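Listed below are the residues making up each chain.
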Amino acid sequence: MRKAVLRTVLAEHLAVLHRREAELERILAGDSRLFAAGAGPSQFQEDLDRVRLVIRGFDELLPEAWELEPGSPPRREVNRVVEAKVLVRARATAAVIAMTLQQPDRDHRPADADRLQVATALFRYLRDQLDAIATAGSEVDEDRQASIYRIAAVAATPGFSGGGVGF
């Protein structure tokens, strides 16, 4: 897969995550009119912490693992099938990083616990995004929708791309 496509999908998701981060910060600062039924400040703080971990995954782990240079993404559209393929690859990468960091026979470094948290949060986010893609109705034609379902089904298969690893 071309690096331009990878950077585009990463940038799209980072933009969404940064908007969510800003929204949560406004809520916690009391500058928002948004109220969640039953959710207190601690829930919003947990959500903010989780979003920040996922952002770090997109900013640090994936570019490093995929050898992507930071910078602005190309200006091009990516369809849902290609996006799903990139997300499957990203989820597999996050799973491999998390599993590698947990290997008992490797030399552990002080930063491993932090990187494990980032990789786990990224994996969960990507899992949820793939579930949403697989279950959401869209305006794409039936052939593309079938491709999206196949990609998401393969991604959810235990033993493939970290599926069923227990994150």
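Residues numbered from 1 in each chain as written. Predicted model: local features only at pLDDT ≥ 70, side-chain atom pairs only at ≥ 80, totals over all residues. Heavy atoms only, no water.

Student: Please clarify how the confidence of the model for the chain should be interpreted in this entry.
Tutor: Close reading of the predicted structure is inappropriate where its pLDDT is low. When the pLDDT values of the chain are averaged, the result is 81; 72% of them are 70 or greater. Within the model, the stretch residues 157-167 combines pLDDT values under 50 with 25 contacts to residues more than four positions away or in other chains. (pLDDT = per-residue confidence, 0-100. Contact = heavy atoms within 4.5 Å.)

Student: Hey, could you run me through the packing of aromatic side chains in this one?
Tutor: Any two aromatic rings considered together are summarised by their centre-to-centre distance and by the angle between their planes. Enumeration according to the criterion identifies 1 aromatic pair in this entry. Centre to centre, the rings of Phe58 and Tyr125 are 5.7 Å apart; their planes meet at 85°, and the pair counts as edge-to-face. Of this pair, Phe58 sits in helix 2 (residues 41-66) while Tyr125 sits in helix 4 (residues 112-135), and the two are 67 residues apart along the sequence. Owing to a relative accessible area of 2%, Phe58 belongs among the buried residues under this scheme. Taking NZ or CZ as reference, Arg89 lies 5.1 Å from the ring centre of Trp66, over its face. (Phe/Tyr/Trp six-rings, centres within 6.5 Å; stacked < 30°, edge-to-face > 60°. Helix = DSSP H or I, 4+ residues; strand = E, 2+ residues; numbered from the N terminus. Buried < 20%, exposed > 50% of the residue type's maximum accessible area, 1.4 Å probe, protein only. Lys NZ or Arg CZ within 6 Å of the ring centre and 35° of its normal.)

Student: What is the right way to look at the nonpolar core in this model?
Tutor: A general feature of soluble globular proteins is that nonpolar side chains tend to end up buried together. Core analysis: the largest hydrophobic core is formed by 39 residues, its most contacted members being Leu17, Val54, Phe58, Leu62, Trp66, Leu122 and Leu126. Every element with two or more residues in this core is listed here: helix 1 (3-29), helix 2, helix 3 (80-101) and helix 4. Among all residues touching Leu62, those that are not within four sequence positions of it are Leu10, Gly57, Ala90, Thr93 and Leu122. (Core = buried A, V, L, I, M, F, W, Y, C linked by side-chain atoms within 4.5 Å.)

Student: When you look at the pattern of salt bridges in this model, what are you seeing that I'm missing?
Tutor: Evaluation of the coordinates by the stated rule reveals 12 salt bridges. A salt bridge links Asp47 to Arg20, with the nearest nitrogen and oxygen atoms 3.9 Å apart. Residue Asp47 is located in helix 2, and its partner Arg20 is located in helix 1; the two are separated by 27 residues in the primary sequence. Using a relative accessible area of 16% as the deciding quantity, one classes Asp47 as buried. Judged by its relative accessible area of 30%, Arg20 is partly exposed. Residue Arg115 is joined to Glu64 by a salt bridge in which the shortest nitrogen-to-oxygen separation is 3.8 Å. (Salt bridge = Lys/Arg side-chain N within 4 Å of Asp/Glu carboxyl O.)

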